[in-house]
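An overview of the molecular structure
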Amino acid sequence: MPAVRSDIFEAIKAAGPSREDSLARITLLAKLLDSAFVIPGLNRRVGFDALLGLVPVVGDAVSAALASYIIWEARQLGLPRWKIARMVGNVAVDTALGAIPLAGDVFDVFFKANERNLRIINDHLGVTKRGPKVIDGTAVRINER
């Protein structure tokens, strides 16, 4: 019976989520935590991290736990330890300074640890944020006909 369970778990692991699925989850969580909405009038994006920071102690703990999930996913994607350490440092700074009443809430608006960590992951995996740097083909001016 244990051999059957082992085979089932190995099959699930082999057919598990792909790298693209992990990147999609990480990107969604980072965007929700750091830039979910725009503050009207300031045109500054904030996310649930800043809103959770308004709740004393518990909000910062929940925010740190969600940010830790991004780090766990990065480790599963095979990032080296020094990049994981940078990501942990980003979350530690965000959590420590974000815990300061009022000033920490302002800090959370400007220091976006999850988007920084997303950038570290994308740089490591070679994922481009924007389109290609070189466009294939030829360019023709419209008024040169």
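Residues numbered from 1 in each chain as written. Predicted model: local features only at pLDDT ≥ 70, side-chain atom pairs only at ≥ 80, totals over all residues. Heavy atoms only, no water.

Focus on the environment of V58
Filter applied, for reference: The secondary structure listing takes helices from DSSP runs of H or I that are at least 4 residues long and strands from runs of E that are at least 2 residues long, numbered from the N terminus. Relative accessibility decides the category of a residue: with a 1.4 Å probe and only protein chains considered, values under 20% of the type maximum give buried, values over 50% give exposed, and everything between is partly exposed.
Residue placement: V58 occurs in helix 4 (residues 58–76). You can call V58 exposed: its relative accessible area is 53%. As a C-alpha pair, V58 and A99 span 41 residues in sequence and 9.7 Å in three-dimensional space.

Observations regarding the packing of aromatic side chains
Rule in force here: Ring pairs are drawn from Phe, Tyr and Trp, using the six-membered ring of Trp, whenever the two centres fall within 6.5 Å, and their geometry is named by plane angle: stacked under 30 degrees, edge-to-face over 60, tilted for the rest.
Counting across every chain of the model gives 3 aromatic pairs. A centroid spacing of 5.1 Å and a plane angle of 15 degrees characterise the contact between F107 and F111, whose relative ring orientation is stacked. A relative accessible area of 22% means that F107 is categorised as partly exposed.

Observations regarding a nonpolar patch on the surface
Quick note on the threshold: Only residues whose relative accessible area exceeds 30% and that take part in no salt bridge are eligible for patches, with like-charged residues grouped when within 9 Å of each other and nonpolar side chains (Val, Leu, Ile, Met, Phe, Trp, Tyr) grouped when within 5 Å. Each accessible area value is a Shrake-Rupley result obtained with a 1.4 Å probe; residue values ignore everything except the protein chains displayed when judging cover. Throughout this description, the term salt bridge denotes a Lys or Arg side-chain nitrogen within 4 Å of a carboxyl oxygen of Asp or Glu.
A surface patch of nonpolar side chains, about 550 Å² in accessible area, is lined by L28, L32, F37, F48, L51 and L54. Within the residue set of the nonpolar patch, elements represented by two or more residues are helix 2 (19–34) and helix 3 (48–52). Inspection of the secondary structure assignment puts L28 in helix 2.

Structural notes on the confidence of the model for the protein chain
What counts, and what does not: Summary of the metric used: pLDDT quantifies the predictor's per-residue confidence within the range 0 to 100.
Taken over all residues, the pLDDT of the protein chain has a mean of 84, while the share at 70 or more is 82%. Put simply, helix 1 (residues 2–14) is where the protein chain has its lowest mean pLDDT, 66, and helix 5 (residues 81–98) is where it has its highest, 94.

Concerning helix 2
Worth spelling out the cut-off: To estimate the expected span of a helix, subtract one from its residue number and multiply by 1.5 Å. Within this analysis, the arc is defined by the directions that extend from the helix axis to the C-beta atoms. Contact criterion: two residues are considered in contact whenever any of their non-hydrogen atoms come within 4.5 Å of each other.
Over its 16 residues, helix 2 runs 22 Å from end to end, which matches the ideal 22 Å to within 8%, given 1.5 Å per residue. Along helix 2, the residues classified as buried are S22, L23, I26, L29, A30, L33 and D34. Axial view of helix 2: buried residues confined to an arc of 135 degrees, hence all on one face. Turned more than 90 degrees from where helix 2 packs its buried face, E20 and L28 sit exposed. Against the buried residues of helix 2 lie strand 2 (44–46), helix 3, helix 4 and helix 7 (113–125).

Focus on helix 4
The end-to-end C-alpha separation of helix 4 is 27 Å, in line with the 27 Å expected for 19 residues at 1.5 Å each. Within helix 4 the residues assigned to the buried category are G59, D60, S63, A64, A67, I70, I71, E73 and A74. Close packing links the buried residues of helix 4 with helix 2, helix 3, helix 5, helix 6 (103–110) and helix 7. Of the residues flanking the end of helix 4, it is G78, one or two places downstream, whose phi is positive at about 95 degrees.

Looking at the nonpolar core
To be explicit about the condition: In these notes, a set of buried Ala, Val, Leu, Ile, Met, Phe, Trp, Tyr and Cys residues joined through side-chain atoms within 4.5 Å is what counts as a nonpolar core.
One finds I70, L77, L79, M87 and I121 to be the most contacted residues of the largest nonpolar core, which totals 18 residues. The residues touching I121, leaving out its near neighbours within four places in the chain, are L23, I26, I70, A74, L77, L79 and M87.

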